[in-house]
Amino acid sequence: MKENDEISKVYEPHDVENKWIDLWLKNRVFSMDKPDASKPSYSVVIPPPNVTGSLHMGHALNSTIQDILVRYHRMKGFNALWVVGTDHAGIATQNVVERQLKEEGKSRFDLGREKFVERVWEWKKKSGGTIIGQLKRLGASCDYDNERFTMDDGLSGAVKKVFVDLYNEGLIYRGNRLINWCPRCQTSLSDLEVEHESKKTSLWHIRYPVDGGWWIVDGEEEKKDYVVVATTRPETLFGDVAIAVHSDDERYKASVGKKVKLPLTNRSIPVVADSFVDQAFGSGVVKITPAHDFNDFAVSERLGLTKINILDKTGKLNDNVPDDFKGMDRFKARDLAVAKLEEAGLIEKIEPYGNSVGHCYRCKTVVEPYLSDQWFVKTKPLADTAMKAVREGHTRFVPQHWEKTYFQWMENIQDWCVSRQIWWGHQIPAWYCMEEVDSGSSMVDSKSTIHHPPSTIHLCPPIVSETPPLACPKCGSTKLIQDPDVLDTWFSSGLWPFSTLGWPENTERLKTFYPTSSLVTAFDIIFFWVARMMMFGCHFMAKDGRPLKDAVPFKDVHIHALVRDPTGQKMSKSKGNVVDPLVLMEKYGTDAFRFTLAAFAAQGRDIKLDEARVEGYRNFCNKIWNASRFAMMNAEPFIKSVDDFKNITPKNRFNQWILFELNQTIDAVSKSIEGYEFNRGAHTVYNFFWQNFCSWYIELTKEIFRSGTDAEKIETARTTFYVLDTALRLMHPFMPFITEEIWQMLGDRKGASIAKSNYPVVANTENYKKAWQEVNALTLVATAIRNIRQETGVPLKEAVKISVIAPEAEKTILKEIEKMIGWLATVSQINFVDKELSEPAALAMAGNATIMIPLAGLIDIDKEKARQDKKMAKVDKDIAALNAQLGNENFAKNADAELLEEKQNLLKAVMAEKALIERAIGMLK
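Residues numbered from 1 in each chain as written. Predicted model: local features only at pLDDT ≥ 70, side-chain atom pairs only at ≥ 80, totals over all residues. Heavy atoms only, no water.

## Topic: the overall build of the protein
Counting its secondary structure elements, the protein contains 29 helices and 31 strands. With the principal axes as the frame, the protein shows a C-alpha extent of 110 × 65 × 55 Å. Buried residues in the protein amount to 54% of all 925 residues. The contacts in the protein between residues at least 6 apart in sequence include a share of 78% that link residues at least 24 apart. Carbon and sulfur atoms make up 48% of the accessible area of the protein, which totals about 41300 Å². (Helix = DSSP H or I, 4+ residues; strand = E, 2+ residues; numbered from the N terminus. Buried < 20%, exposed > 50% of the residue type's maximum accessible area, 1.4 Å probe, protein only. Contact = heavy atoms within 4.5 Å. Areas by Shrake-Rupley, 256 points an atom, 1.4 Å probe, with all protein chains shown as cover.)

Encoded structure:
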């Protein structure tokens, strides 16, 4: 133990945590500026949290898992790099600053674009680093000395190059298409940024008058005044350009090409045929509104129909509607349209209807399909390569079933709208020649805000360039204006794995750490982020000459669970069940909180976070502290330096046993971490330290320190320090703070950190197997006897006689440790027998051995019979419940393999317990 170190009697996590966070950062323990070329590399990029964000449960779980992986590989001798940084979060950040301006009685238009962007940078400098500080508080061992931001100069340069290259390759284009529009944020959104909610609304059945009173049904012309068309959005009828029937609908084939009158207008529109129409919906006739419905837009493209936009960017009706509706809010216009239709006798009926309504993922405003000039990425060619990389095994998903989700989306991928009508972000590197713009077609509105330039007002093509052009290459004009839009935030974060390493320059970091090793993320951004990183990485890194296996952005994608509340509900502010990780860390300590997340992070199963579990692992931290303190107090007098416990070859069976157990634990924990089974690793190390080290080893070696020889004391002291040192290194990736603190106390580390110590490796302890078998038998028998005493009420200090039925191999071992059983379990006599006793006795299993304690004269036999009957009733109830669950077809079909195996193993265990109780009842009779 370090000289003059006095171990506190009580573990105070906050004192320890604050000290080591500061020292780790001061000593740049996690920096990876100069990787060792002789070492393998392991790299992880953090899913960049929004610069506006603060640590929530998803971040905490995600970062804990990443930290376990990075700390493990750092200790295994890898050049371990964990790239950290934040995303500029275009819409979210702009909203934050706009709210601040609103409180000052201003808007961004009062400042103008340049001053507004300066204001956002000021906010970022003052308030944008909150979550990075919280990650440090969590103990995340990131390379903070090389923190990145998606608006950094280097990353911005990468964004420009990618945009220009894709444009030149024909994979980016500008077109007038239907997009998702948020009237509140006044910007386009990608499909993934629209959150759909089920809403109770109405389905209005509207009568469309028939031109000339004709209508043909099943080949027969009928006199009909109107056709009924059902819609959930009657206000959009002003944008109707046709009504449609299914191409194969025999009922209406003869009606195709005819016309109907559009209600509330003087227009007539045609009847068209298309295969998208659902013949069973309503009358089998639907309205076609191409500027306000994605399916209708596709129909108009196929059939060459016109498109009429009836909304402005604020969600109000524009000049393409009757005067009564101009300038009216869309939802008020709905009410007025219904009223006028009813007044005109054009409402057939109104019925309740459940509809999926899209909302902006940021401000929750109902979005509108909106016809607009935007920039799009042709994703299909990029997606094909990204899918090939997974199919060929260059990138794998863990758990593997998430590959199916990835493929389903990629196979049906649509072109990606990447332009956003906001000011904060990467401004699109495209310029327009203004020479041909008519002076009456102003590019500037009343608040000096540049509109997105319509394609109809200039003749020269856009000039797409990484640097501002001096003149139009077509006409030579110097009247140029940059596109005012910025790129979707996910465009820049899609480059994160290689832009953060210095691309497009072929930097040493890029050569050393790309492809990255593991990506840890949640399932809900497989489409937002994972797929886009795969598309960009595979495309651009392959262009740099890498084969596809080295062009992928990461080798493994680990999709982790969702953290839910104790009842299994998803956490949300509206439900009031959100748990703040910072509160739990403050209350119970960071190590306890992290260990809880790891212990319940089973693949494919969400975490039900109960505060009681965090408290339980706080107790584990206290156990580690107290056991370490006790062990060091016993062993410290025999230890002079860390060299004393580096290489040990003990002779005592207890010391050999603990080393054998330790090596099994090292092997199991290492395999668990490498297999992304963090819960298994956490449980394994927990059981070793609490059960093997604390409950048994410390107990078994007390007598050695009390009355053993000097040689035995020295050997046991060295073994104690060796096991403690190794166990701390084994636990360090899960619990970095307490392990660092205690590890430093074991000796003078000369300024070294446990974070850079060697991770334990499995040693050859085969010579200790006999001792392991003996001591295991001892612990099993002692535990069985203690359980009998506890359950039946036989006093712990009263010596008892026991009888044992055991196979010959186990009988041999038990005879060799007979004396140890005597002093450890307070046993006065051991009889080895071939059959169960004929007198009343209690029994328990110790491995394959049956332990029996005659009860006559020790306890009330009738009370024991009643207790066993009660246990049997409970076991029968548990068996019935498990059989019902496993026999349920839906459960067997939907449960993941691990849960199914867990339930089956539980049933086996309960059945074994039933058999033991039956034997016990039989002996009592």
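Having put the structure on the table, let's press on.
## Looking at unusual backbone geometry
For the bond from W503 to P504, the omega torsion is 15°, close enough to zero to count as cis. Relative to the assigned elements, P504 resides in the loop between α13 (496–499) and α14 (508–513). The omega angle of the peptide bond from Y514 to P515 is 0°, so this bond is cis rather than trans. Following the sequence through the fold, P515 ends up in the loop between α14 and β24 (516–522). Look at A89: it is not a glycine, yet its phi comes out positive at around 50°.

## Quick look at the packing of helix α17 (residues 581–588) against helix α18 (residues 590–599)
α18 packs onto α17 with a crossing angle of 125° between their chain directions and a minimal axis gap of 6 Å. In this view, α17 runs oblique relative to α18, as classed from their interaxial angle. Residues P581, L584, M585 and Y588 of α17 form the contact with α18, whose participating residues are T590, A592 and F593. (Axes fitted to C-alpha atoms, helices over the stretch in contact; angles between N-to-C directions. Parallel < 35°, antiparallel > 145°, perpendicular 65-115°, else oblique.)

## Quick notes on the sheet that holds strand β15 (residues 347–360)
The 3 strands are arranged β10-β7-β15 in an open sheet whose pairing can be described as antiparallel. Across the chains shown, the open sheet's two edge strands, defined by having one partner strand only, are β10 (226–231) and β15. Looking at each pair of strands side by side, their axes are set apart by 20° on average, direction ignored. As paired elements, strand β7 (residues 194–209) and β10 share 6 bridges and run antiparallel to each other. Bridge pairing in β10 links I206 to V229. (Pairing = 2+ DSSP bridges.)

## Description of the pattern of salt bridges
In a structure, side chains of opposite charge can pair up when their charged atoms sit close to one another. Scanning the entire structure with this criterion turns up 57 salt bridges. The shortest N-O distance in the salt bridge between E808 and K811 comes to 3.9 Å. Here K811 and E808 lie together in helix α25 (residues 808–816), a separation of 3 residues that amounts to about one turn. Here the salt bridges do not stand alone but share partners, grouping R233, E235, R330, R334 and E368 into one network. (Salt bridge = Lys/Arg side-chain N within 4 Å of Asp/Glu carboxyl O.)

## Quick notes on the sheet that holds strand β11 (residues 242–245)
Strands sit in the order β12-β13-β11-β14 across an open sheet of 4 strands; the sheet is mixed. Every other strand in the sheet has two partners, leaving β12 (259–261) and β14 (286–288) as the edge strands with one partner each. Adjacent strand axes in the sheet meet at a mean angle of 35° when their direction is disregarded. Pairing geometry for β12 and strand β13 (residues 268–273), over 3 bridges, is antiparallel. Across the sheet, residue K261 finds its bridge partner in β13, namely S268.

## Some thoughts on the pairing of β24
Most of β24 sits inside the fold, with 7 of its 7 residues counted as buried. Of the pairings in the sheet, the one linking β24 to strand β25 (residues 554–560) comprises 6 bridges and is parallel in character. Its bridge partner lying in β25, S518 is registered against D556.

## Structural notes on helix α27 (residues 861–887)
Compared with the 39 Å implied by 1.5 Å per residue over 27 residues, the 39 Å span of α27 between its first and last C-alpha is a close match. Within α27, the full set of buried residues consists of I861, E864, Q868, M872, V875, I879 and L882. On its buried side, α27 packs onto α24 (769–792) and α29 (897–924). (Expected span 1.5 Å × (residues − 1).)

## Here we look at the side chain of N776
Tracing the chain through its elements places N776 in helix α24. For N776, a relative accessible area of 17% puts it in the buried group. Setting aside anything within four residues of it in sequence, one finds N776 in contact with W657 and E661.

## Notes on the nonpolar core
Of all hydrophobic cores here, the largest spans 205 residues; its most connected members are Y406, F491, F536 and F689. At 13 residues, the largest contribution of residues to this core is made by helix α21 (residues 678–707). Once you skip the residues sitting within four places of it in the chain, Y406 turns out to touch A386, M387, V390, F397, I526, A531 and M534. Core analysis: the next-biggest nonpolar cluster, separate from the first, contains 43 residues, I206, A244, I288 and V338 among them. (Core = buried A, V, L, I, M, F, W, Y, C linked by side-chain atoms within 4.5 Å.)

## Here we look at the confidence of the model for the protein
Here the protein averages 89 in pLDDT, while 95% of its residues score no lower than 70. Taking the mean pLDDT of every element in the protein, the minimum, 54, falls on strand β9 (residues 220–221) and the maximum, 98, on strand β1 (residues 41–45). Contacts from residues 438–456, a stretch scored under 50 in pLDDT, to residues over four places away or in other chains number 32 contacts. (pLDDT = per-residue confidence, 0-100.)

## Quick notes on the packing of aromatic side chains
With the rule as written, the count across this model stands at 42 aromatic pairs. Among the aromatic residues, those joined into a ring-pair cluster are F163, Y167, W375, W416, F491, F498, W503, Y514, F536 and F540. Of note, R177 hangs over the ring of F376, and the distance from its end group to the ring centre comes to 5.0 Å. (Phe/Tyr/Trp six-rings, centres within 6.5 Å; stacked < 30°, edge-to-face > 60°. Lys NZ or Arg CZ within 6 Å of the ring centre and 35° of its normal.)

## Let's talk about helix α8 (residues 294–303)
Along α8, the positions that sit buried rather than exposed are D296, F297, V299 and S300. All buried residues of α8 project into a common sector of 160° when viewed along the axis, lining one side. Of the surrounding secondary structure, the elements contacted by the buried residues of α8 are β5 (172–182), β14 and β16 (368–377). For α8, the side-chain oxygen to backbone nitrogen distance between the N-cap and N295 is 3.0 Å, and the N-cap itself is D293. Two residues or fewer after α8 comes G304, characterised by a positive phi angle close to 70°. (Arc of directions from axis to C-beta. Polar contact = N/O pair within 3.5 Å; in protein donor to acceptor, adjacent residues only side chain to side chain.)

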